[in-house]
Amino acid sequence: MDVRLDLKLDTLVHKPDPEPHIVIDSARCLECEGRPCTVVCPAGLYVWMDGQLVHNCDGCLECGSCRIVCPHDAIEWRYPRGGHGVRYRWG
Amino acid sequence: VAEHVHDCVVVGAGPAGSAAALQMAHDGLDVVLVERGERPGEKNVMSGILFTDTLAELIPDFEDRAPVQRRITSGYAMHYLTADAVVTLPTLREYREPTRPPYYTVFRSEFDAWFAEEAVKAEAELFTATLVEDLLWEEGRVAGVQTVRGDLRARVVIGADGVNSTVAERSGLRAPPTPAEVSLIVREVLDLPAAVIEDRFVLRPGEGILNLFIGLVSGDDGRQGVYYTELYTNRDSLSLTSEVPLETLQRCGVPAYEVMAARERHPYIARLIAGSKLREYQAHLIPWGGVDELADLYGDGVLLAGDAGKFTTEDGVGSWPAMASGQAAARTVKEACERGDFSREALSAYVGYLDEVGMVETQRQARREWATQPKRRRALDRRPEQIAALARRYFQRWRAEKGEYPRSLWGQAYHTLIKPLAPWYVRGSLGLVTWIDTLRWRRKRRG
């Protein structure tokens, strides 16, 4: 990932939800051509690496772009439980 | 003992939800406002400025109390960006008392928390850190919401839970948006001392300016799409946003964070933000294009307001339509409570209340703008380059080689800017003028 993006993401405060709020059916990603999730995620959390999709939902900005662009319905998406997730101090 | 049934549960303590809760609490209804953040506003990102028309109605003395950053009375500047140039269109700076409620830059973490607190003072009940996971149903109508902390029963549920609206999707009123119906905002709040901001943007303390930039996202294989960058002045920071339709990002294949990074590197923007330090990096989706049918906004026991109901103006302003729709939803619930009827037919009164606050027309305009955009896309994509070319020609016309340009300046403007986008009657009348102008230009060049 872009080093500068890493530094940018470091400005954020998160309270991770122990139960992941995004679950991926990565078998479906193998058939996916465009993999738009890797393009739209503003935190760069979707990475195509060694022939598979790697995703980590800590650091999620909760914008919902991934679930909207996913062409194979492979992303099971919900908000983190109340009080968890990203906390914008200067939203 | 039967569970308590509230008059209304409002999901989401943003501008729409808090406006609705405040209005209903004023009217003496029993209202609960449910927010998933620990504090209202901490899940939101302000990607624009706050228009205060509805706020001034709800809280007449808000100017003395609301946490705002700078008042945007003194400036609005629009720019077209190309890779190595910027064309600044006429800038409006007004130095007089505004006749309509002014607008402000705000931080939603401050503003939403304050606004929700106003609703609480009016005796609405606020539950924070509470995620609404699903709706409660009873005899085919929405009867409340399910949360981790238990169920909340209500006569009406107002979904003011934003673009990824659980209420809209679970009630079946709306499907999740498509990539063509949302834009991704990436925003950076950049620390810069107030005095530097005031010097750099020609402002006095308390005054603010907003800069709008229109540029292009370009993919490796030449695919392009228009997107917007905005630069706002806060008290001692700047907000730099990039706003790209998801569909454009997907088509061009440029990562969202790359679009933002490219903006920071643009020679002009780099100078405007020079010396600043990143305070926070943010992202948020905004809907655009309105709803297909106003009937998608209400159902049995449920109403949608704000981004959940895709209330934005044609150019994507969302906070004020959110408040206006929240206010209309509140009036609808009040009428329904008076009549004791919470069916879809009774709640269709929402359309009338929306019309009262101008939101029916706003929805219609947003839809029209959205629906015609694909047809104009090629023309819009070429616009920044063309405007830069026109500006270069205008400012350097005394250096033009004889015979360098096949068309007069007016002819160039007409063919690149007006003709591709104007309706037929404008093309017809201006086309004739252009034709005569071109003949004169050719004669002059020969002579």
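The paragraphs below set out a description of the structure included in this document.

Calculation criteria
Residues numbered from 1 in each chain as written. Chains lettered and ligands numbered in written order. Predicted model: local features only at pLDDT ≥ 70, side-chain atom pairs only at ≥ 80, totals over all residues. Heavy atoms only, no water. Core = buried A, V, L, I, M, F, W, Y, C linked by side-chain atoms within 4.5 Å. Buried < 20%, exposed > 50% of the residue type's maximum accessible area, 1.4 Å probe, protein only. Helix = DSSP H or I, 4+ residues; strand = E, 2+ residues; numbered from the N terminus. Contact = heavy atoms within 4.5 Å. Pairing = 2+ DSSP bridges. Buried area = accessible area lost by both parts, 1.4 Å probe. Salt bridge = Lys/Arg side-chain N within 4 Å of Asp/Glu carboxyl O.

**Regarding the nonpolar core**
Residues and elements named next belong to chain B.
- If you look at the biggest cluster of nonpolar residues, it comprises 72 residues, and the most contacted ones within it are Met-24, Leu-55, Phe-111, Phe-115, Ile-158, Leu-303 and Tyr-350.
- Per-element tally for this core: the top contributor is helix α10 (residues 319–339), with eight residues.
- Once residues lying within four places of it in the same chain are set aside, the contact partners of Phe-111 are Leu-50, Leu-55, Ala-66, Pro-67, Val-106 and Met-323.
- Formed by 61 residues, the second largest nonpolar core is a distinct cluster that contains Val-186, Phe-201, Leu-231 and Val-259.

**What to know about the sheet that holds strand β7 (residues 103–105) of chain B**
Residues and elements named next belong to chain B.
- In space, the three strands of this open sheet follow the order β3-β7-β4, with antiparallel pairing throughout. Among the strands making up the open sheet, the edge pair consists of β3 (50–51) and β4 (70–71).
- Relative to β7, β4 runs antiparallel, the two sharing two bridges. Within the sheet, the bridge partner assigned to Arg-71 lies in β7 and is Tyr-104.

**Some points on the interface of chain B and chain A**
- Listed per partner, the contact involves 46 residues of chain B and 36 residues of chain A.
- When the two sides are added together, the surface that chain B and chain A hide from each other amounts to roughly 3400 Å², 54% of it contributed by carbon and sulfur.
- At the junction of chain B with chain A, the criterion picks out 10 salt bridges.
- Those elements that place two or more of their residues in the side of chain B that touches chain A are α4 (108–121), β12 (182–191), α7 (246–252), α8 (256–265) and β16 (277–287) of chain B.
- For the side of chain B that touches chain A, the leading source of residues is β16(B), giving eight residues.

**Topic: the pairing of strand β5 (residues 76–82) of chain B**
Residues and elements named next belong to chain B.
- Counted residue by residue, β5 has six buried out of seven residues, so it is predominantly covered.
- Relative to strand β13 (residues 210–218), β5 is paired through five bridges, and the arrangement is parallel. Note on β13: the bridge partner recorded for Tyr-80 is Ile-214.
- Bridge count between β5 and strand β6 (residues 85–88): four bridges; the pairing is antiparallel. The residue of β6 that forms the bridge with Thr-82 is Ala-85.
- Hairpin connection from β5 to β6: two residues lie between these consecutive antiparallel strands.

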